[in-house]
Amino acid sequence: MSDVSVRKIHSYDRVVECMSDKSISIRAVLFNAFAVGGRVRIDNLLLSDDVLSAVDCAKRLGARIELDGNSAYIEGAPFASCELDCGNSGTTARLLTGLLAGLNGTFTITGDKSLSSRPMKRVTDPLKMMGADIVDTDGHLPLTVHGAPLHGIEYKMPVASAQVKSAIMLAAINAVGTTTIIEPTKSRDHSENMLCAMNGNVKVDGDRIEIGRSIIHSQYFTVPGDISSAAFPICLALASGGKCVVKNVGINKTRTGILDVLENMGANIKYSNVVNTAEPSADITVVGDGKLKPFVIDGDIVPRLVDEIPVLCALACFVDGVSVVKGAGELKVKETDRIATVTAALSALGADIVPTDDGMIIHGGKKLKFGVVDPKLDHRIAMAAAVAGAAGEGVKILDGDCVSVSYPNFYKEVIGD
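Residues numbered from 1 in each chain as written. Predicted model: local features only at pLDDT ≥ 70, side-chain atom pairs only at ≥ 80, totals over all residues. Heavy atoms only, no water.

1. Thoughts on helix α11 (residues 338–347)
Rules: Only protein chains enter the accessibility calculation, which uses a 1.4 Å probe. A residue is then buried if its area is under 20% of the maximum for its type, exposed if over 50%, and partly exposed in between. A helix here means a DSSP run of H or I that spans at least four residues, while a strand means a run of E at least two residues long, and both kinds are numbered starting from the N terminus. For this analysis, residues touch if any pair of their heavy atoms sits within 4.5 Å. N or O atoms closer than or at 3.5 Å make up a polar contact, with two conditions inside protein: a donor-capable atom paired with an acceptor-capable one, and, for residues adjacent in sequence, both atoms drawn from side chains.
Counting buried residues in α11 gives seven out of 10 residues, a clear majority hidden from the surface. Within the span of α11, buried status applies to Arg338, Ile339, Thr341, Val342, Thr343, Ala345 and Leu346. In this structure, the buried residues of α11 make contact with α10 (309–316), β22 (352–356), β23 (359–364), β24 (371–373) and α12 (379–391). Capping the start of α11, Asp337 holds a side-chain oxygen 3.1 Å from the backbone nitrogen of Ile339, two or three residues further along.

Next up, the structure:
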């Protein structure tokens, strides 16, 4: 890993082609790797470290995958016993745990140090209720899945999590009977959309999802842009009083919490070239005019913007008044404890930010200073620090190239360095 220095910007005016959606890219790879129906193409695939980990795992399981630029050609196959290294990708590890639980074979799932510290019991507990035979390491990776016959259950999720929900759904397509998942709050619905498009036996009624045994069929997809990546140039433009256009941003309603927050803050946001599909997209233009109000984030909106909270906290540093994040305890079990790492990163730049049990309080409007930030190899903390530094007085980010997990060309395309 290499350190990265970001200079203060004096005029921000950029057009950015949105990075492809990481969540959808991983699902398109894994689902098609298991599907029947022959070779299929996926366009606009994100070629980040996490997605390449999913590609490697799918190949090890027996699928044929060829990469050609940002397209992938995938031919599914019956999954065979093997060892799988998911790198830093929690989505890959958790979805594969569900998908493999009902298959014949023995599968060992590992990951890097960061991923191995993230909790897996939230996935393995409901899978074991379905009959899964999983041996983990004190609730973490590495774990071994011994394929076993599964049966449907009704599961009320204690916390809204798209990864946990998706793991249960993938187990359910290989289970006898119907599985019902009840979410406390709607989380991102990419798995539901994709499985429906692939002939999955899936019914969605609000926060209730029913899944029956299914044979999924290979399906062409064009991956839209990732709003989690678009959040960085958008917030940088607003924090610096600049302007940006981000093209081809996915605006699935289960992901657009950040846009709702920004509009409530008074941000100047315009939409154009809207494409209405199951995964809609649009070009987004924002202009920073220095008239933003502070925000309060709490309740049902949190699952719709949980990955964008770090950069929203960076933006809050440049907004007069007190911004508050509450109800976001889920941040503690991301790539890092993001309540702690966001607080430490922005404090290193002179921000007035205080952690709480389930969020943060930011007293904005205080001039930031140059500082050195350790993102603890968390890509979103590194990018949030880069936004704060570019709009402030600069920043040195230790191991800053960890952003390759989700946004390989971040510094060149968003910051301009």
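After that view of the structure, there is still more to cover.
2. Regarding the layout of surface pockets
Put simply, the rule reads: Using protein atoms alone on a 1 Å grid, points that fit a 1.4 Å probe yet trap it form a cavity, whereas open point sets bounded by protein on both sides within 12 Å along at least five of seven lines form a pocket; residues with an atom within 4 Å of a point count as lining. Grid points are joined across faces, edges and corners, and a volume is the space filled by probe spheres set on the points.
There is about 550 Å³ of room inside the largest pocket. Taken together, 39 residues make up the lining of the largest pocket; nearest its centre are Ser161, Ala162, Val306, Glu330 and Lys334. Considering each element in turn, the lining of the largest pocket owes the most residues, four residues, to helix α1 (residues 22–34).

3. Side note on the sheet that holds strand β21 (residues 321–325)
Heads up, the condition is: Pairs of strands are assigned from DSSP output, requiring at least two bridges between the strands. Fitting a line to C-alpha atoms yields each axis, with helices limited to the stretch in contact; the angle taken between N-to-C directions then spans 0 to 180 degrees.
Ordered in space as β20-β21-β23-β22, the four strands form an open sheet in which the pairing is mixed. Each end of this open sheet is capped by a strand with a single partner; those strands are β20 (296–297) and β22. Here β21 runs beside β23; their pairing, made up of five bridges, is antiparallel. What sits directly across from Ser323, in β23, is Ile362. With respect to the sheet, α11 is in contact with β22 and β23, its orientation differing from that of β22 by roughly 165°.

4. Here we look at the packing of aromatic side chains
The following threshold applies: Only Phe, Tyr and Trp rings are paired, with Trp represented by its six-membered ring, and only when their centres lie within 6.5 Å; those with planes under 30 degrees apart are stacked, over 60 edge-to-face, the remainder tilted.
Evaluation of the coordinates by the stated rule reveals four aromatic pairs. For the pair Tyr407 and Phe410, a centre-to-centre distance of 5.5 Å together with 70° between the ring planes defines the contact as edge-to-face. Members of the aromatic cluster, connected to one another through ring pairs, are Phe232, Tyr407, Phe410 and Tyr411.

5. Thoughts on the pattern of salt bridges
Think of it this way: side chains of opposite charge can pair up when their charged atoms draw near. For the record, the criterion: Any carboxyl oxygen of Asp or Glu that lies within 4 Å of a side-chain nitrogen of Lys or Arg is treated as forming a salt bridge with it.
Scanning all chains against the criterion turns up 27 salt bridges. Between Glu330 and Arg122 there is a salt bridge whose closest N-O contact spans 2.6 Å. One end of the pair, Glu330, is in the loop between β21 and α11; the other, Arg122, is in helix α5 (residues 121–129), and 208 residues separate them in sequence. One connected set of salt bridges, linked through shared partners, spans Arg118, Arg188, Asp307, Lys334, Glu335, Arg338, Asp378 and Arg380.

6. Structural notes on the side chain of Thr336
Structurally, the position occupied by Thr336 is in the loop between β21 and α11. Looking at Thr336, the relative accessible area reads 12%, which means it is buried. Thr336 has contacts with Leu331, Thr341, Pro375, Lys376, Asp378 and Ile381, leaving out every residue within four places of it along the chain.

7. A few points about the environment of Met157
Mapped onto the fold, Met157 is located in the loop between β11 (154–156) and α6 (162–172). Sequence-wise, Met157 and Pro126 are 31 residues apart; in three dimensions their C-alpha atoms are separated by 9.1 Å. Sequence-distant contacts of Met157, that is, excluding residues within four places in its chain, are made with Val164, Lys165, Ile181, Ile182, Glu183 and Pro184.

8. Some points on the pairing of strand β14 (residues 202–205)
Both β14 and strand β15 (residues 208–212) contribute to a ladder of four bridges, which runs antiparallel. By the bridge assignment for β15, Lys203 is matched with Glu210. Counting the residues between successive antiparallel strands, the hairpin from β14 to β15 contains two residues, one of them, Gly206, with a positive phi of roughly 65°.

9. Describing the side chain of Thr179
Mapped onto the elements, Thr179 comes out in strand β13 (residues 178–182). Polar contacts involving the side chain of Thr179 include one to the main-chain amide nitrogen of Ile153, which spans 3.5 Å.

10. With respect to empty space enclosed by the protein
Stated formally: Any residue that is not Ala, Val, Leu, Ile, Met, Phe, Trp, Tyr, Cys, Pro, Asp, Glu, Lys or Arg is counted as polar, Gly included; the first ten are nonpolar and the last four charged.
Tallying each qualifying case throughout the model produces two cavities of 30 Å³ or more. Size it by volume and the largest cavity reaches roughly 40 Å³. Of the residues that constitute the lining of the largest cavity, the class distribution is four nonpolar, four polar and three charged. Counted as a void, the second largest cavity has a volume near 30 Å³. Contributing to the lining of the second largest cavity are Pro310, Val342, Ala345, Leu346, Ile381, Ala384 and Ala385. At the level of elements, α11 and α12 are the ones that each hand at least two residues to the lining of the second largest cavity. Each residue belonging to the lining of the second largest cavity can be placed in one class, and the counts come to seven nonpolar, no polar and no charged.

11. What about the packing of α1 against helix α3 (residues 90–100)?
Where we set the bar: Roughly parallel means an angle under 35 degrees; roughly antiparallel, over 145; roughly perpendicular, 65 to 115; everything else is oblique. Crossing handedness: left-handed means the near helix sits turned counterclockwise from the far one by under a right angle, and right-handed means the same turn made clockwise.
Contact pair α1 / α3: the axes reach a minimum separation of 11 Å and the direction vectors enclose 25°. When the interaxial angle is binned, α1 and α3 end up roughly parallel. Along this stretch, α1 crosses α3, giving a crossing that reads as right-handed. Across from Ile26, Arg27, Leu30, Phe31 and Phe34 in α1, the residues of α3 making contact are Thr91, Thr92, Leu95, Leu96 and Leu99.

12. Focus: the sheet that holds β11
What the four strands build is an open sheet, ordered β11-β13-β15-β14; its pairing is mixed. Only two strands of the sheet have a single neighbouring strand rather than two, namely β11 and β14. With direction set aside, neighbouring strand axes in the sheet form an average angle of 15°. Sheet analysis places β11 next to β13, joined by three bridges and oriented parallel.

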